[in-house]
Amino acid sequence: SLSMIGCMALASVMTPFVGQNRGAGQYERALHGVRFAALIAMLWGAGICLILLLISRPIAVEFTDHEPVRAQIQLFLSILPMSFGFYGLSLLANSTFHALNKPLVSTVLIILRLFVLSIPLSLLGAHLDGMRGLLIGLAISHCLTGVISYLVVRRHLTKRVESESEPSFTPSVELAPLQDYDM
C-alpha cells in the first residue's frame, strides 16, 4: 500500500479536477489532465518497481529469519510491482468516472478487474506455477485492467471533446424593425 501512495494521491486529485472541468464544460482540459496523470502513474509505477526490485532482499531480511518466507517476499516484490503503474491507471479511471457522474462505468471496471480477470488469472497461474503463477496472473490482470480502464476513460472524454467542438445548429432569427408608435 505504501508503494502505491503516489497513485492513490493522484487518483484522489482527479475527482475534483475532472469534476470542476466537467462543470465548466472543459472536457479537453480534463482529457489533458487524465493523460498527464496516466503518464505520472506509469512513471511512479516504474520507479517503485525498480526500487522494490533493488531492495527486495533487505526488506525480506528485515521481516523474517526464515529463508522460505524471505524467498516468498522477494518473489512478491519482484513480480507484482511490475503492474503497479497499470493499477494506478485503474485508480485514475475510477476517480475520473465518479467525477463524470458515471459510477456504473467505474463499478463495471472494478468487477472486470476482480471477478473477470484477477480471480481467474490468479487461479490459473497458481495451478500452472504455484505462488509465482498466482502473482503473475494477478500482475497480468492489473495490466489488462489498467489498459482497458485508460482506453475507456480516454474514449469517453474524447467523445465529449468532439461533441463540444461540433457546431450546433442555431436558427437565425431576424428581428422585426422597430416602429414608431404615437401614444
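Look a little higher up for the structure.
Here's a quick rundown of the structure. All of these numbers come straight from a predicted model, not from anything done at the bench.

### Points about the overall build of the protein chain
When its secondary structure is counted, the protein chain shows 5 helices and 0 strands. When the elements of the protein chain are put in sequence order from the N terminus, they spell out α-α-α-α-α. The globule rule puts the C-alpha radius of gyration for 183 residues at 16 Å, and the 24 Å found for the protein chain is more than 25% above it. Principal-axis analysis of the C-alpha atoms places the extent of the protein chain at approximately 105 × 30 × 20 Å.

### Some points on a nonpolar patch on the surface
Together, Ile110, Ile111, Leu114, Phe115, Val116, Ile119 and Leu123 give the surface a local cluster of nonpolar side chains, amounting to about 620 Å² of exposed area. With respect to the helices and strands, Ile119 occurs in helix H5 (residues 103-165).

### Description of H5
Over its 63 residues, H5 runs only 25 Å from end to end, short of the ideal 93 Å by more than 12%, given 1.5 Å per residue. In H5, a bend of some 150° at Asp129 exceeds every other bend along the element.

### Regarding the pattern of salt bridges
All told, the structure shown has 4 salt bridges when counted by the stated rule. Linking Asp65 and Arg70 is a salt bridge whose minimum nitrogen-to-oxygen distance equals 3.5 Å. Overall, Asp65 belongs to the exposed group, its relative accessible area being 70%. Residues Asp129 and Arg132 are paired through a salt bridge, measuring 3.2 Å at the closest nitrogen-oxygen approach. Linking Asp129 with Arg132, this pair stays in helix H5, spanning 3 residues, or about one helical turn. Each of Arg57, Asp65, Glu67 and Arg70 takes part in salt bridges that share partners, so that together they form one network.

### A word on the nonpolar core
Core analysis: the largest hydrophobic core is formed by 34 residues, its most contacted members being Val18, Val34, Leu92, Val153 and Leu157. Elements that contribute at least two residues to this core include exactly helix H1 (5-23), helix H2 (27-63), helix H3 (67-79), helix H4 (84-99) and H5. Among the elements that make up this core, the one with the highest residue count is H2 (9 residues). Those residues in contact with Val34 that lie beyond four places of it in its chain are Met14, Val18, Thr96, Tyr150, Val153 and Leu157.

### Here we look at unusual backbone geometry
Phi is positive for Asn101, close to 60°, though the residue is something other than glycine. Its location among the elements puts Asn101 in the loop between H4 and H5. Using a relative accessible area of 54% as the deciding quantity, one classes Asn101 as exposed.

### A word on the environment of Met8
Following the sequence through the fold, Met8 ends up in helix H1. Here Met8 falls in the partly exposed class, since its relative accessible area comes to 38%. The spacing of Met8 and Ala41 is 33 residues in sequence and 9.2 Å in space, taken between C-alpha atoms. Once residues lying within four places of it in the same chain are set aside, the contact partners of Met8 are Ser1 and Leu91.

### Observations regarding H4
Here H4 contains 16 residues, and its C-alpha end-to-end distance of 23 Å stays within 8% of the 22 Å for a straight helix at 1.5 Å per residue. Counting buried residues along H4, 13 of its 16 residues qualify, which places the element largely inside the surrounding structure. Positive phi appears at Asn101, one or two residues downstream of H4, with a value of about 60°.

Rules behind the numbers
Within each chain, residue numbers correspond to sequence positions counted from 1 in written order. Since the coordinates come from a predicted model, pLDDT governs what is reported: local features require at least 70, and pairs of side-chain atoms require 80 or more to be given and counted, while whole-chain, interface and lining totals use all residues. Side-chain figures throughout are based on the complete set of non-hydrogen atoms in the structure, without hydrogens or water. Going along the chain from the N terminus, every DSSP run of H or I of four or more residues is numbered as a helix, and every run of E of two or more is numbered as a strand. Values of the radius of gyration come from C-alpha atoms, whereas the globule rule sets the reference at 2.2 Å times the count of residues to the power 0.38. Only residues whose relative accessible area exceeds 30% and that take part in no salt bridge are eligible for patches, with like-charged residues grouped when within 9 Å of each other and nonpolar side chains (Val, Leu, Ile, Met, Phe, Trp, Tyr) grouped when within 5 Å. A 1.4 Å probe and the Shrake-Rupley method give the accessible areas. Residues count as covered only by the protein chains that appear here. Salt bridges are defined as contacts in which a side-chain nitrogen from Lys or Arg sits within 4 Å of a carboxyl oxygen from Asp or Glu. Residue count minus one, scaled by 1.5 Å, sets the expected span of a helix. At any given residue, the bend is defined as the angle formed between two axes, one fitted to the seven residues that end at that position and one fitted to the seven that begin there. Three exposure classes are used, based on accessible area relative to the maximum for each residue type with a 1.4 Å probe and protein chains only: buried under 20%, partly exposed in between, and exposed over 50%. To define a nonpolar core, start from buried Ala, Val, Leu, Ile, Met, Phe, Trp, Tyr and Cys residues and group those joined through side-chain atoms within 4.5 Å. Here a residue-residue contact requires only that any non-hydrogen atoms of the pair lie within 4.5 Å.

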